[in-house]
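Structure assessment
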Amino acid sequence: MRLLFLGDMVGKAGRTAVWAQLPGLISDFRLDFVIVNGENAAGGFGITEEIFRETINAGADVVTTGNHVWDQREALAFAPREDRFLRPANFPKGTPGRGSGLYIAKNGARVLVSNIMGRVFMHPELDDPFQAGERELAACPLGEQADAVVIDFHAEATSEKMCFAHFVDGRASLVVGTHTHQPTADHQILNGGTAYLTDAGMCGDYDSSLGMDKEEPLNRFLSKVPKGRFEAANGPATICGVGLDISDRTGLAERIAPLRRGPRLEETAPSFWS
């Protein structure tokens, strides 16, 4: 099974780049399943129903989120009725929407996708992510109800991301970090067979501060006095993510490599997809 995960879409530049490039990536690399994190897609803050639908129409099978999931209030309304829209599973009981879902890939595989948010340096501070992960995996174990398991771990602290991956090693196909918007170079397969990447990076304009127009963030560092709102940078976007080949027999990772396409970062794609 061949899977692509794309990191946080930021603003118009990020989402339109994903919409433009994703159909070609699916066709060229014969992808079976695609996950996109969309929590910053609406001007850098949250996601609308229209953006969610356009991302699905472009070829995404699931859209995950994180701490900005409710920044656009309409998300509270459409989250409960959209099975392919996920918010962190460790929100308190009764929160609209769902944190995990079981989906069918193009090759017929059953894919459990879970969206979990870390607690270190994060706001709001949600329920224990480790217990949430244990609960989701127990409800739909790899090799039993699921043929593959992917966890979007949306968190700030690299140590929390790494420890969570080791916690579920051998029970998930992929644990991929989101939130920090910077692609890391530590893609690997852990001892138990779970693929891991600390952060997938963002899909957005890298001539920026984490996808935001750099002038206002720089001003706040220099003067400590806000002059305006943060606005998403709108230059040419680079899309970042990670590609994975998953064993049809075990559901564990066989190969992992980053994918980057755009004008600012060195372009790369999984060589095993060529």
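Let me sum up the structure you'll find in this document. Since this is a predicted model, take the numbers as computed values, not measurements. (Residues numbered from 1 in each chain as written. Predicted model: local features only at pLDDT ≥ 70, side-chain atom pairs only at ≥ 80, totals over all residues. Heavy atoms only, no water.)

Section: the overall build of the chain
Note the threshold: Under the scheme used here, helices are H or I runs from DSSP no shorter than 4 residues and strands are E runs no shorter than 2 residues, and both carry numbers assigned from the N terminus. Both definitions apply: the radius of gyration is a C-alpha atom measure, and the globule rule equals 2.2 Å times residues to the power 0.38. Accessibility here uses a 1.4 Å probe with only protein chains present; expressed as a share of the type maximum, an area under 20% marks a residue as buried, one over 50% as exposed, and anything in between as partly exposed.
The helix and strand inventory of the chain stands at 6 helices and 11 strands. A compact globule built from 274 residues should have a C-alpha radius of gyration of about 19 Å, and the chain, at 17 Å, falls within 12% of that. Each principal axis of the C-alpha atoms in the chain carries an extent, and together these give about 55 × 45 × 35 Å. Taking all 274 residues of the chain together, 58% fall into the buried category.

As for the pattern of salt bridges
For the record, the criterion: For salt bridges, the criterion is a side-chain nitrogen of Lys or Arg within 4 Å of an Asp or Glu carboxyl oxygen.
Inspection of every chain in the model, using the stated rule, returns 14 salt bridges. Between Arg81 and Glu49 there is a salt bridge, and its shortest N-O distance comes to 2.7 Å. Here the residue Arg81 occupies a position in the loop between helix 3 (75–78) and strand 4 (100–104), and Glu49 occupies one in helix 2 (residues 49–57), the gap between them amounting to 32 residues. Between Arg171 and Glu134 there is a salt bridge, with the nearest N and O atoms lying 3.1 Å from each other. Of the two residues, Arg171 sits in the loop between helix 5 (158–168) and strand 7 (174–178) while Glu134 sits in helix 4 (residues 129–139), which places them 37 residues apart along the sequence. Under the relative-accessibility criterion, Arg171 is labelled partly exposed at 27%. Several salt bridges converge on common partners, so that one network encompasses Arg2, Asp245, Glu254 and Arg255.

Digging into unusual backbone geometry
The linkage connecting His123 with the following residue, Pro124, adopts the cis geometry, with an omega of 0°. Turning to its location among the elements, Pro124 is positioned in the loop between strand 5 (110–117) and helix 4. Phi is positive for Lys224, close to 65°, though the residue is something other than glycine. By the element assignment, Lys224 lies in the loop between helix 6 (215–223) and strand 10 (239–246).

A short note on the nonpolar core
Note the cut-off: Note on terminology: a nonpolar core comprises buried Ala, Val, Leu, Ile, Met, Phe, Trp, Tyr and Cys residues joined through side-chain atoms within 4.5 Å. In what follows, a contact means two residues having at least one pair of non-hydrogen atoms within 4.5 Å.
One finds Leu4, Leu22, Leu31, Ile47 and Phe85 to be the most contacted residues of the largest nonpolar core, which totals 37 residues. For this core, the elements supplying multiple residues, two or more each, are strand 1 (2–6), helix 1 (11–29), strand 2 (33–37), helix 2 and helix 3. Per element, the largest residue contribution to this core is 7 residues, and it comes from helix 1. Those residues in contact with Phe85, other than ones at most four positions away along the chain, are Ile47, Phe52, Val63, Thr65, Val69, Phe78, Ala79 and Arg98.

Brief notes about the sheet that holds strand 3 (residues 62–64)
Here is the rule: At least two DSSP bridges between two strands are needed for those strands to be called paired. Fitted lines through C-alpha atoms serve as axes, helices being fitted only where they are in contact, and the angles separating the N-to-C directions of these axes extend from 0 to 180 degrees.
If you trace the 5 strands from one edge of the open sheet to the other, you get 3-2-1-10-11, paired in mixed fashion. The two strands at the open ends of the sheet, each matched to only one other strand, are strand 3 and strand 11 (253–261). Strand after strand, the sheet turns through a mean of 20° between neighbouring axes, direction not considered. Strand direction decides the pairing type here: strand 10 and strand 11, joined by 8 bridges, are antiparallel. The residue of strand 11 that forms the bridge with Ile239 is Arg261.

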